[in-house]
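Observations on the model geometry
Residue-level listing of the chains:
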Amino acid sequence: DAPLLSVKDVSIAYKVGALDIVAVSNARFDVPQGSIVGLVGESGCGKTTMARALTRVIADNARIKAGQMQFAGQDIVSLSEKDMNSLRWRDIAFIPQSAMNSLDPVYRVEYQIVEVLRDRGGLSKSAARKRAVELFEMVGIDPGRLRDFPHQFSGGMRQRAAIALALALEPKLVVADEPVTALDVIIQRQILDQLRSLQRELGLSVIMVTHDISVVAYICDRTVVMYAGKVVEDCDTATLLNEPLHPYTMGLKNAFPDLHSAGTGILTPIAGSPPDLANPPPGCRFAARCPFATDQCRVEEPMLTEDAPGHFVACHRAVEAAALREEAKQPGT
Ligand code: ATP
């Protein structure tokens, strides 16, 4: 099956004074139909920039400099603003980290959902009201609460309401930017479960932006790992968690085989911080933090290549890193 979304060599830069901060650099990944794809990496790696670019709602100083985003036969990068506008909500919906960014505190929640349904979906007022009730039932909120203002909701309810709003017009793709990060773990789980079952029921595709590898492990079918604006690894989540090839992914899992303790099974996270995106180093951007780095890594940029079917990695030392990873799994060797 053709993927629902195919991101190809996308670069996005922020202009800050005379500087060009390239927050996303030659990103490429696919979102298969009906799947949840995680976009992970530490703070500042470009996840939010990439995710927002899919709705083309980006900061004034941001520009998509290159690439394509093929979505259901159209290129999001080159669509006119008018066509893009008709794609938003109806085909691609966004769930922000804080529901307060999608819910207006001044209006009752019902009014806001009804407005989207009328404005964007062309529903009559009574049909929109009926649909709002359905949507609240779908996300597990008592429809009696539709008459509330957002501030009368708990954080979890607000996030559910934001999901209801995103699903209002049955989009094909939902882009969720850290949708549960602000919530406690039990509520996080409930909301992820709900999102998963809605995704299955409605046959949606979801892009889940998160810095939390446990969210990825819990809900994502595939996972794209970003580092300093680059996609460094992309594969199905089970493989990513059990047989990562990129040293950065191993570190993200908090399971980085420390060279000094190799073979003892002692695993340590990666020290250091990502490079300056206004002036990235040549070669691999992770080289300065990577214990496997060689001279080649410091001069020659590794390309994203398909190492095994469906498993993409950008690392000159993937084979050595994987061997050490396996060695570290063996106790007492
Ligand atoms: P976080 O989880 O902290 O949001 P992220 O991985 O989502 O991180 P982005 O928010 O996409 O990363 O930011 C990528 C880079 O772009 C960072 O270096 C950030 O400082 C920079 N950046 C983001 N927004 C702007 C802006 N409006 N102007 C200039 N630089 C920006």
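What counts, and at which threshold
- Residues numbered from 1 in each chain as written.
- Predicted model: local features only at pLDDT ≥ 70, side-chain atom pairs only at ≥ 80, totals over all residues.
- Heavy atoms only, no water.
- Buried < 20%, exposed > 50% of the residue type's maximum accessible area, 1.4 Å probe, protein only.
- Helix = DSSP H or I, 4+ residues; strand = E, 2+ residues; numbered from the N terminus.
- Pairing = 2+ DSSP bridges.
- Near = heavy atom within 4 Å.
- Polar contact = N/O pair within 3.5 Å; in protein donor to acceptor, adjacent residues only side chain to side chain.
- Areas by Shrake-Rupley, 256 points an atom, 1.4 Å probe, with all protein chains shown as cover.
- Domains from an automatic or database assignment.
- Contact = heavy atoms within 4.5 Å.
- Buried area = accessible area lost by both parts, 1.4 Å probe.
- Salt bridge = Lys/Arg side-chain N within 4 Å of Asp/Glu carboxyl O.
- Nonpolar A, V, L, I, M, F, W, Y, C, P; charged D, E, K, R; others polar.
- Phe/Tyr/Trp six-rings, centres within 6.5 Å; stacked < 30°, edge-to-face > 60°.
- Lys NZ or Arg CZ within 6 Å of the ring centre and 35° of its normal.

By the criterion of burial, strand 3 (residues 36–40) is predominantly enclosed, with five of the five residues buried. Here strand 3 shows no split at all, with Ile-36, Gly-38 and Val-40 on one side and Val-37 and Leu-39 on the other all buried. Where strand 3 and strand 8 (residues 205–210) come together, five bridges link them in parallel fashion. Bridged to Leu-39 within strand 8 is Val-209. Here strand 3 runs beside strand 9 (residues 222–227); their pairing, made up of four bridges, is parallel. Counterpart to Val-40 in the pairing with strand 9 is Val-225.

Moving on: the site of the ligand. In the vicinity of the ligand there are 14 residues, among which Ser-43, Gly-44, Thr-48, Thr-49 and Asn-61 approach most closely. Gly-44 is positioned such that a nitrogen or oxygen atom in its backbone is 2.7 Å from an oxygen atom of the ligand. Here the ligand has 630 Å² of accessible area as a free molecule, and 65% of this is covered by the chains. Every element with two or more residues in the shell around the ligand is listed here: strand 1 (5–16) and helix 1 (47–53). In terms of residue count, helix 1 provides more of the shell around the ligand than any other element does, three residues in total.

Bringing the domain arrangement of the protein chain into the picture now. Considered domain by domain, the protein chain is made up of domain 1 (32–57 + 79–225) and domain 2 (241–329). Distance between the C-alpha centres of domain 1 and domain 2: 33 Å. Of the residues lining the interface, eight residues belong to domain 1; the matching set on domain 2 comes to nine residues. Both sides of the domain 1 and domain 2 interface together cover about 730 Å² of buried area, and 63% of this is carbon and sulfur. Put simply, domain 1 and domain 2 have one salt bridge between them. Our count for the domain 1 to domain 2 interface comes out at three residue pairs in polar contact (both at pLDDT 80 or more). Of the residues in the side of domain 1 that touches domain 2, the class split is four nonpolar, two polar and two charged.

Tracing the backbone shows Val-109 in helix 3 (residues 109–119). A residue is classified by how much of its surface remains accessible, and Val-109, at 0% relative accessible area, is buried. In this structure, the C-alpha to C-alpha distance between Val-109 and Arg-145, residues 36 residues apart in sequence, is 8.3 Å. Beyond its immediate sequence surroundings of up to four residues, Val-109 is in contact with Phe-136, Leu-146, Asp-148, Phe-149, Pro-150, Phe-153 and Ala-161.

We now examine the packing of aromatic side chains. Per the stated rule, a full pass over the model turns up five aromatic pairs. Pairing Tyr-227 with Phe-286 gives two aromatic rings, centres 5.1 Å apart and planes at 80°, and the pair type is edge-to-face. One end of the pair, Tyr-227, is in strand 9; the other, Phe-286, is in the loop between helix 9 (247–252) and helix 10 (295–299), with 59 residues separating them in the sequence. You'll find Tyr-227 and Phe-286 in the same group, each marked buried. Judged by centre distance (5.4 Å) and plane angle (65°), the ring pair of Tyr-248 and Phe-286 falls under edge-to-face. Placement of the pair is Tyr-248 in helix 9 and Phe-286 in the loop between helix 9 and helix 10, with a sequence separation of 38 residues. Tyr-248 gets classed as buried once you look at its relative accessible area, which sits at 1%. In this structure an aromatic cluster arises from ring pairing among Tyr-227, Tyr-248 and Phe-286. Across the ring face of Tyr-218, the terminal group of Arg-189 is positioned such that the distance to the ring centre comes to 4.2 Å.

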